[in-house]
Amino acid sequence: MGMDTAKRFDRIVAILIQLQSKRIVKAQELADRFDVSLRTVYRDIRTLEASGVPIVSEAGVGYSIMEGYRLPPVMFTREEAGSFVAAEKLMQKFTDRSLGAYYESAMYKLKSVLRGKEKDWVEALESQVSIVPGQVLFNEEVPNALEILFESIAERKQVFLKYESLREENPSERRIEPVGLFNENGFWYILGYCHLRMDYRHFRTDRIHHIARTSMDFMLEHGTMDEHREKREEVEKTKVKILVEKSVAKYIRGGRKHYGFVSEKPVGGQMEMTFMTADMENGFARWYLMFGDYATIVEPDALKKRVADILKKSQEMLAG
């Protein structure tokens with residue numbers, strides 16, 4: 001079997017697996033995943049049909065496998081089995097208790113189809129991999145927050161929250177329509193339409209004091225998470241320039257993208273970094289304070305004043 005033939009065989013098998021993983025799969029999805037032309041995808045689909053796989057195709061919609069058709073589980077490679085370990089550790093530490101328990105149950109089912117050597121590979125890794133999150137991601141009193149939110153998004157049902165925002169002394173009651181969830185700067189956030197504020201809001205999962213299902217359907221069509229995130233990127237931004245000592249600059253490169261990083265260039269013994277930030281007042285100013293003794297604000301003056309105000313208040317708190 002030639003190299004091209006082997007690659008095509010692997011691709012066709014992978015296409016079959018993907019067709020079994022979703023109700024509808026678009027040809028463009030397959031072309032993008034395997035980096036091939038649509039013509040190649042059409043040819044591979046015809047090959048699967050010729051081999052007896054009952055594929056239903058609809059112009060402008062996509063492909064699906066006839067209901068009831070399933071192949072036995074496909075064996076996992078050693079490397080794929082090893083990746084389960086990292087995924088399991090992440091699910092245990094970066095999701096709430098309820099969702100983590102469901103994943104643990106699913107892992108037992110995955111492990112049950114592994115060959116003996118792959119089981120040994122996974123077992124050898126499990127006790128040697130440890131993941132520790134940098135902060136508390138969920139309120140321990142609300143162990144099933146993600147489970148309820150996932151269910152709400154899938155079934156388009158509103159949820160009830162008791163939520164503690166930064167500016168409120170006591171948790172407020174909210175009824176929201178969750179649009180989606182995302183992880184940013186080490187925290188989980190819900191993007192949802194809040195009926196109290198009558199607008200879209202972000203809710204941090206560790207500030208949820210209570211969450212409950214409701215029987216109320218969504219009242220609005222919300223679009224996709226990507227659409228909302230793109231709109232967020234379009235809000236008015238402030239240009240910021242800072243000079244950071246080169247010895248420190250390399251240590252902040254991982255986090256700067258969250259604050260609107262645009263470019264950098266060397267200036268003497270320092271790095272000049274330019275940002276376009278949507279939240280200079282709190283997000284950027286407080287991030288800057290993490291390394292502020294190694295950096296100088298070039299512009300704007302408003303950022304210098306904001307940082308000075310935060311430091312002054314901190315000194316007053318320490319003195320008191």
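Rules of the game
Residues numbered from 1 in each chain as written. Predicted model: local features only at pLDDT ≥ 70, side-chain atom pairs only at ≥ 80, totals over all residues. Heavy atoms only, no water. Helix = DSSP H or I, 4+ residues; strand = E, 2+ residues; numbered from the N terminus. Pairing = 2+ DSSP bridges. Buried < 20%, exposed > 50% of the residue type's maximum accessible area, 1.4 Å probe, protein only. Lys, Arg positive; Asp, Glu negative; His and termini not counted. Salt bridge = Lys/Arg side-chain N within 4 Å of Asp/Glu carboxyl O. Contact = heavy atoms within 4.5 Å. Patch = residues over 30% accessible without salt bridge, like charges linked within 9 Å, V, L, I, M, F, W, Y side chains within 5 Å. Areas by Shrake-Rupley, 256 points an atom, 1.4 Å probe, with all protein chains shown as cover. Core = buried A, V, L, I, M, F, W, Y, C linked by side-chain atoms within 4.5 Å.

(A) Broad picture of unusual backbone geometry. Omega for the peptide link from Glu299 to Pro300 comes to 0°, which places this bond in the cis form. The residue Pro300 is located in the loop between strand 11 (295–299) and helix 12 (301–319) in this model. Here Asp35, not a glycine, exhibits a phi torsion of approximately 55°, which is positive. In this structure, Asp35 sits in the loop between helix 2 (27–34) and helix 3 (38–50). Although it is not a glycine, Met198 sits at a positive phi angle of roughly 55°. Structurally, the position occupied by Met198 is in the loop between strand 5 (187–194) and strand 6 (199–204).

(B) How the structure looks around the pairing of strand 9 (residues 261–267). The sheet contact formed by strand 9 and strand 10 (residues 270–277) spans six bridges and is antiparallel. When the bridges of strand 10 are listed, Phe261 appears paired with Phe275. Where strand 9 folds back on strand 10, the antiparallel hairpin that results is connected by two residues, among which Gly268 adopts a positive phi of roughly 65°.

(C) Spotlight on the side chain of Lys241. Checked against the element boundaries, Lys241 lands in strand 8 (residues 238–245). Of the side chains with opposite charge, Glu272 comes closest to the buried, unpaired Lys241, at an N-O distance of 4.0 Å. The residues contacting Lys241, other than those within four sequence positions of it, are Glu272, Met273, Thr274, Thr296, Ile297, Val298 and Glu299.

(D) Quick peek at a nonpolar patch on the surface. Together, Phe9, Val13 and Ile17 make up a nonpolar patch on the protein surface, roughly 250 Å² of accessible area in all. Inspection of the secondary structure puts Ile17 in helix 1 (residues 3–21).

(E) Fine view of the nonpolar core. Counting 25 residues, the largest nonpolar core has Leu149, Leu161, Ile176, Ile190, Phe203, Ile208 and Ile211 as its most contacted members. Listing elements by their share of this core, those giving two or more residues are helix 7 (145–155), strand 3 (157–163), strand 4 (172–184), strand 5 and strand 7 (208–217). At six residues, the largest contribution of residues to this core is made by strand 5. Excluding anything up to four places from it in sequence, Ile190 contacts Leu149, Ile176, Pro178, Gly180, Leu181, Arg201, His202, Phe203, Thr205 and Ile208.

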